Structure formats: C-alpha cells, structure tokens
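# Structural characterization, general
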Amino acid sequence: MKKFVMAAAGLAGISALAGCAQVQEPAPICSMAGISAQRQLVALPAAAPGEPSPLLEMPLNSVSITDFNVINKLFVRTVSAQRTPTGTVKVISQIINCTDYPLNIEGRTQFYDQAQAPSEQVSAWKRLNLAARTSNTYTESSIGTKNVQYYMVEVRETR
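Because the structure is a prediction, the values reported are computed rather than measured.

Scoring rules and cut-offs
Residues numbered from 1 in each chain as written. Predicted model: local features only at pLDDT ≥ 70, side-chain atom pairs only at ≥ 80, totals over all residues. Heavy atoms only, no water. Helix = DSSP H or I, 4+ residues; strand = E, 2+ residues; numbered from the N terminus. Polar contact = N/O pair within 3.5 Å; in protein donor to acceptor, adjacent residues only side chain to side chain. Contact = heavy atoms within 4.5 Å. Pairing = 2+ DSSP bridges. Axes fitted to C-alpha atoms, helices over the stretch in contact; angles between N-to-C directions. Salt bridge = Lys/Arg side-chain N within 4 Å of Asp/Glu carboxyl O.

## A closer look at the side chain of Arg-156
Mapped onto the fold, Arg-156 is located in strand 9 (residues 150–157). Within the local environment of Arg-156, its side chain forms a polar contact with the side chain of Glu-106, the two groups lying 2.7 Å apart. If sequence neighbours within four positions are ignored, Arg-156 has contacts with Thr-66, Asp-67, Val-70, Ile-105, Glu-106 and Trp-125.

## Focus on the sheet that holds strand 4 (residues 74–83)
Taken in spatial order, the 3 strands make up an open sheet running 4-5-8, and their pairing is antiparallel. The strands lining the two open edges of the sheet, one partner per strand, are strand 4 and strand 8 (135–141). Strand-to-strand twist of the sheet, defined as the mean angle between neighbouring strand axes without regard to direction, takes the value 15 degrees. Summarising the sheet, strand 5 (residues 89–97) and strand 8 pair through 7 bridges and their orientation is antiparallel. The residue bridging Ile-95 from the neighbouring strand is Asn-136, located in strand 8.

## Describing unusual backbone geometry
The phi torsion of most residues other than glycine is negative, and most of the peptide bonds are trans. Notably, Asn-61 is not glycine yet its phi reads approximately 60 degrees, a positive angle. Within the fold, Asn-61 resides in the loop between strand 2 (52–56) and strand 3 (62–65). In this structure, Gln-116 takes a positive phi of about 65 degrees despite not being glycine. Within the fold, Gln-116 resides in the loop between strand 6 (103–112) and strand 7 (126–130).

## Observations regarding the pattern of salt bridges
Side-chain pairing between opposite charges can occur once the charged atoms of the two side chains come close. Evaluation of the coordinates by the stated rule reveals 6 salt bridges. Note that Arg-108 and Glu-154 form a salt bridge whose closest N and O atoms lie 3.0 Å from each other. Here Arg-108, found in strand 6, pairs with Glu-154, found in strand 9; they are 46 residues apart in sequence, far enough to count as distant.

Right, dumping it as structure tokens:
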C-alpha cells in the first residue's frame with residue numbers, strides 16, 4: 001500500500017511538472033474591446049439636420065478597416081505620420097493579424113489639404129502578408145509637400 005501511495009504521489013508530481021513545461025508561443029494580444037465604441041455616428045446631410053446616421057465616422061489621420069471579412073481579425077497597433085527631409089508626408093502603421101492563420105491584406109492612403117479636400121490622387125493598393133499572430137508595417141508617402149495636412153488609410157482583404 002505504501003508503494004502504491006508513493007507511486008501515485010510520484011505520478012502526480014510528474015504530471016504537475018509536465019503542466020509547467022508547456023511552452024506558450026509569443027503572440028500579440030489583440031483586444032477588440034472598445035474599438036467600435038471609439039467610432040461615433042455622423043450627422044445626416046443638411047436635409048435632415050441633427051438626425052443620427054447609420055454611417056460611422058471615418059476620422060482623418062487614422063486607419064479604417066473597410067472590409068467586414070477582416071474587421072475583427074486585424075488590430076491597428078499604431079499609426080503615425082512624419083515629414084520627410086524633402087517635405088513629403090510619410091504614413092506608418094503597424095497592423096496585427098489576430099488570427100491563427102495567415103492573412104493577405106492591402107492598404108491605400110488618401111492625403112488631404114488644410115480644407116480636408118483631397119490634395120492628390122489616392123495611392124495604389126499595397127499588399128501586406130501577415131503570418132498568424134504577427135504584425136507588419138504599412139507605409140505610404142505623399143507626392144505633395146506643403147499642401148498635405150491630413151491622411152486616411154484604408155485596409156481591406158486582398159482581392
């Protein structure tokens with residue numbers, strides 16, 4: 001009986017150690033809580049002032065995921081812009097794949113002037129490959145210099 005209890009205790013100890021030996025793969029933490037709460041409804045056009053709209057605002061100087069196929073699969077970790085030595089604007093955004101499988105996405109950027117009107121043609125779509133639980137960096141530079149004041153990045157699944 002004593003040998004049986006010792007053997008059972010030994011197996012329990014080995015099992016406990018095996019549980020501690022599990023390796024957790026490093027991966028980004030994707031928290032979608034609060035993201036949709038950050039986006040507000042925009043007002044309808046002047047024909048119906050003060051009424052709520054079914055549209056969500058797409059704020060300038062941000063990344064907007066415009067494809068419902070990937071909206072809950074991607075997390076935009078950072079977005080920033082900086083003036084280059086030549087005066088153009090370079091947009092940099094880190095995008096994280098929150099899924100357990102690879103995703104292929106693409107992004108494009110529209111640059112705007114001080115009046116929030118397009119200052120140049122929208123950029124071509126650029127493709128990004130995102131392995132499972134990894135990130136990649138999207139960058140785009142404007143053509144114009146002093147007339148660029150704002151930007152908006154659109155992201156969608158590759159077509």
